[in-house]
Each structure stands twice: as structure tokens, then as C-alpha cells.
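Structure assessment
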Amino acid sequence: MYSVPQFEEYRSDPLHALENLLNAQAAEAAKVRTETEWKEFRDRWLGRKNGIVTQLNQLWLKAAPPHYKPTVGENLNAIKPQIERLVEETLNRIQGGASTARLAAERVDVTLPGIRRPLGAEHPVIKTMNEMVGVFRNLGYSVEEGPEIETDYYNFEALNFPPNHPARDTQDTLFIAGQESKPQRDRLLLRTHTSPVQIRSMEKMKPPLRVVCPGKVHRNDAPDATHSPIFHQVEGLAVDTNITFCDLKGTLDHAMKALFGSSVKTRFYPSFFPFTEPSADVQISCIFCGGTGTRDGAPCRNCKASGWIELLGCGMVDPNVYGFVDYDPAKVSGFAFGMGVERIAILKYGVDDIQLFFNGDVRFLEQFA
Ligand code: DAH
């Protein structure tokens, strides 16, 4: 390895000494392959404390007799930039080489086919909900939405569930904690049905009115194959002059045929809801056995051999409800209905467990894409 000769040698053959020095640097530079090696090389030649250039100043320039100093100085000034340039060029060389190697390794063949990202799709519940809403939009209904966190007033009281009325027990839910100081009607809860949107819509608009209200609802129900603490409903409300139960029957019969096929029959069965009078449950003829009650010679399991499947609740809006929203029950009449989205999706798609909708298993969900 090159080491800086004493000044005496320089003096004896200055050109030769300089040439030796530069040749030595060139030979060392040629061996540099990696960045670590280059750093060593750089420090060896240009290191501030003990690099060869610094040593030249010490051993040659300082040691030179005064009359000779300018010559030595000139010579050193001439070779310093050369030494620096070679250090720089060496770095360029190894980096250039590295990036060439990297480019070769990371070569991308743009003619290869791309990687397909799986496309998402509408969730079956949302898909069904949109379809249900679509049926009523085609009948001229507009879409209204309301909050999922509701007050006791909208969820119960204005729908004619008086405080402590047993009908409330059928719709137990989560109440927001720490509201004991509020009057009962202002207390917040997770809405148990979409019916509060009826009240909000009637407060907002004067009759005539036709709205559908899709949304998420909550109940204190333990999850099983047919129950979920969170599910979805589509609510409907039509208020006008001279609306009768016939209009209700015709509307829902049409909706069921639109959803399940034109051969489906409907049946209205007396029921009770606080906010409708009279109230009815709507049943459709069983879509699995065609309403016969038997399938493949055995009793149909889907309709418990009755030929009918209960699907939704409805009725004529109770005049008490109009009292809460300042509609005149002597002038207007109307009907309302509410149906579970998951229940309809289960029937439409032949799903046997409501939990499948909420488990997020892509193998299940992608079947609806
Ligand atoms: N809100 C009722 C429920 O969740 C469903 C319902 C029944 C809605 C009758 C209505 C109706 O609008 O008229 O069980």
C-alpha cells in the first residue's frame, strides 16, 4: 500500500514522486467495489487529520526549505484536485454499477398481465334494501332517513306507546346511560324500528305524503338463526285524503309480487301495533312449496306446512298519532307498514342463518356479487 515518502525523495525526483503517488491512487481506486470500501478509500486519501493529502502538506510542504516551498506548493495544488476527482469518480463508478445491477434485478416486464384486485360488491342486505326501496320509489314514494340514536319520544311516545305500556316490552333496546335527570321523553336509546321516521317526516311535511324509510335498528334480542341485535327495516307511510285499507292491500300486494314474483299471493291477518288501527300482519304464499304446504311429498319446513309465511306488519295510521304531528284525523287518513330487510333477503336467497349476513365471511358474501 502506498505511503507518503519523505521529502528528500521528492526532492531527488519530484515528477517521479508525483507520478508514483497518482499511480498508487489509481491502483487503489480500481480495487474499490463496495460503498464501505469506497469510504475507506476516501478517508485514506482525503481524511482531514491523517489523509494522504494532509500528510503531503506536513511531510512535503512544511518540510521544504523556504526557497523551494513555492514549487512544492504549486505542484501539490495541481495534484490535489486530481486526487479529489478520482475519489468522486470512483464513487460514481460503484454507484453506477450498483444501480445497473439493481435495474437488472428489478426489471419489470410491462407486457405481463396485471394483478387483478378483487372488486367489492354490494352487501346482500343493502342490495335487498335498495331493491325494496326501488319498488316504492317506482310508486312515487320519496326516501326519508332518521337517526339511529332516537329519543324515547320519537321511538315510542309519539307512536302511541304510552309510558309503561306493555307494548314497549316487545321492543327492548339499549338506552344511553346517565340520563336519569332528563324527562323520559328526551332520553336517548338505539331505535328499535324505523317507525320514528314516520313522525319525523310528518313533522317536516304536510299531507299528502308518501315516504319510505330504510335504516338500521336495534333490539335486545339474543342472536340466533333468525334474530340479531342489529338488523334493518324499510318503513312506509302514505297519508292523503280518502286513503283506505284497500289502498294498503293493493300497495303491499304489488310490492310482494315485485319482490318475490307475480305468482305470490298475500293474506292480511289481524294484529296489533300501537300506532295503527286496525293493524295487520301480512303473509305471503310460501315461495318454497307454492303455498301448498307440502314439498317433495313431505310437509314444507319453511312454512311449517301452512302454505303461508308471515312477512311484515302494517295498518291504518292510528288517529292518536296524527295528534302528535298536528295532522287533522278528520281530514286525512293513511296507512303504514314496516318490514325486516334480512327476513326478506333470507327468503329471496334461501339463506338459513341471519348471522351469515354479519359475520363478514367473504365466501358467503361473494355469492351475491
Ligand atoms: N315498527 C314495527 C316493528 O318494528 C313494524 C311496523 C308495523 C311498522 C306496522 C309499521 C306498521 O309502520 O304500520 O315491529
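Right above here is the structure, for reference.
What counts as what
- Residues numbered from 1 in each chain as written.
- Predicted model: local features only at pLDDT ≥ 70, side-chain atom pairs only at ≥ 80, totals over all residues.
- Heavy atoms only, no water.
- Helix = DSSP H or I, 4+ residues; strand = E, 2+ residues; numbered from the N terminus.
- Rg over C-alpha atoms; globule rule 2.2 N^0.38 Å.
- Buried < 20%, exposed > 50% of the residue type's maximum accessible area, 1.4 Å probe, protein only.
- Contact = heavy atoms within 4.5 Å.
- Areas by Shrake-Rupley, 256 points an atom, 1.4 Å probe, with all protein chains shown as cover.
- Expected span 1.5 Å × (residues − 1).
- Core = buried A, V, L, I, M, F, W, Y, C linked by side-chain atoms within 4.5 Å.
- Pairing = 2+ DSSP bridges.
- Axes fitted to C-alpha atoms, helices over the stretch in contact; angles between N-to-C directions.
- Salt bridge = Lys/Arg side-chain N within 4 Å of Asp/Glu carboxyl O.
- 1 Å grid on protein atoms, 1.4 Å probe; cavity = no way out; pocket = protein on both sides within 12 Å on 5 of 7 lines; lining within 4 Å.
- Points joined across faces, edges and corners; volume = space filled by probe spheres on them.
- Nonpolar A, V, L, I, M, F, W, Y, C, P; charged D, E, K, R; others polar.
- Near = heavy atom within 4 Å.
- Polar contact = N/O pair within 3.5 Å; in protein donor to acceptor, adjacent residues only side chain to side chain.
- Sits in = over half its atoms within 2 Å of the grid points.
- Phe/Tyr/Trp six-rings, centres within 6.5 Å; stacked < 30°, edge-to-face > 60°.
- Lys NZ or Arg CZ within 6 Å of the ring centre and 35° of its normal.

Re the overall build of the protein
The helix and strand inventory of the protein stands at twelve helices and eleven strands. On C-alpha atoms alone, the protein measures out to a radius of gyration of 43 Å, which is more than a quarter above the 21 Å that the 2.2 N^0.38 rule sets for 369 residues. Dimensions of the protein, computed from the C-alpha atoms along their principal axes, are close to 125 × 60 × 35 Å. Counting across all 369 residues of the protein, residues that qualify as buried make up 41%. For the protein, the proportion of contacts with a sequence separation of at least 24, taken over those separated by at least 6, is 67%. Put simply, the protein shows about 20,800 Å² of open surface, and 52% of that area lies on carbon and sulfur atoms.

Looking at helix H6 (residues 124–137)
In this model H6 runs 20 Å from its N-terminal to its C-terminal C-alpha over 14 residues, within 8% of the 20 Å that 1.5 Å per residue would give. Listed in full, the buried residues belonging to H6 are Pro-124, Val-125, Thr-128, Met-129, Met-132, Val-133, Val-135 and Phe-136.

Topic: the nonpolar core
Counting 44 residues, the largest nonpolar core has Phe-136, Leu-252, Met-256, Phe-260, Leu-312, Cys-314 and Phe-337 as its most contacted members. When contributions to this core are tallied by element, the ones reaching two or more residues are H6, strand E5 (230–240), helix H9 (245–260), strand E7 (276–285), strand E10 (308–317), strand E11 (333–340) and helix H11 (341–349). Residue contacts for Phe-136: discarding those within four places in its chain leaves Tyr-141, Val-212, Thr-251, Leu-252, Ala-255, Phe-337 and Met-339.

Regarding the sheet that holds E7
Pairing in this open sheet of seven strands is mixed, and the strands run E1-E4-E5-E11-E10-E7-E6 from one edge to the other. Looking at the sheet topology across the chains shown, the edges are occupied by strand E1 (142–143) and strand E6 (266–273). In this sheet, E11 lies alongside E10 in antiparallel orientation, the contact comprising five bridges. Bridge pairing in E11 links Cys-314 to Phe-337. Where helix H8 (residues 196–204) meets the sheet, its contacts fall on strand E4 (209–218), E5 and E11, and the angle it forms with E5 comes to roughly 40°.

Considering the pattern of salt bridges
All chains considered together, the criterion is met by eleven salt bridges. Residue Glu-150 is joined to Arg-200 by a salt bridge in which the shortest nitrogen-to-oxygen separation is 2.7 Å. Placement of Glu-150 in strand E2 (residues 149–151) and of Arg-200 in helix H8 is noted, with a sequence separation of 50 residues between them. The buried category is assigned to Glu-150, whose relative accessible area is 1%. Exposure remark for Arg-200: the relative accessible area of 26% places this residue in the partly exposed category. With a closest N to O distance of 3.3 Å, Asp-240 and Arg-210 form a salt bridge. Of this pair, Asp-240 sits in strand E5 while Arg-210 is found in strand E4, placing the two residues 30 residues apart along the sequence. What makes Arg-210 partly exposed here is its relative accessible area of 31%.

With respect to the layout of surface pockets
One number sums up the size of the largest pocket: a volume of about 1,400 Å³. Thr-226, His-227, Glu-310, Leu-311 and Arg-343 are, among the 46 residues lining the largest pocket, the residues nearest its centre. Residue assignment for the lining of the largest pocket shows that the elements contributing at least two residues are E5, E7, E10, E11 and H11. Residue classes in the lining of the largest pocket are distributed as 18 nonpolar, 16 polar and twelve charged. When its volume is computed, the second largest pocket comes out at roughly 270 Å³. Forming the boundary of the second largest pocket are Met-1, Tyr-2, Ala-24, Ala-27, Glu-28, Lys-31, Val-32, Glu-37, Glu-40, Phe-41 and Arg-44. Listing elements by their share of the lining of the second largest pocket, those giving two or more residues are helix H2 (14–31) and helix H3 (35–46).

So, the site of the ligand
The environment of the ligand is formed by 16 residues, the closest being His-193, Gln-198, Arg-219, Gln-233 and Glu-235. With respect to the ligand, the backbone of Ala-336 contributes an N or O atom lying 3.1 Å from an oxygen atom. Counting atoms within 2 Å of the grid points, the majority share of the ligand lands in the largest pocket. Secondary structure elements with two or more residues in the shell around the ligand: E5, E10 and E11. By residue class, the composition of the shell around the ligand is five nonpolar, nine polar and two charged.

Description of the packing of aromatic side chains
Under the counting rule described, the total for this entry stands at 14 aromatic pairs. Measuring from ring centre to ring centre gives 6.0 Å for Tyr-2 and Trp-45, while their planes differ by 15°; the resulting arrangement is stacked. A residue pair is termed long-range when its members are at least 10 positions apart, and Tyr-2 in the segment before helix H1 (7–12) and Trp-45 in helix H3 qualify at 43 residues. Each member of the pair, Tyr-2 together with Trp-45, is buried. Members of the aromatic cluster, connected to one another through ring pairs, are Phe-136, Tyr-141, Phe-335 and Phe-337. When the ring centre of Tyr-154 is taken as origin, the NZ or CZ atom of Arg-200, which lies over that ring, is 4.0 Å away.

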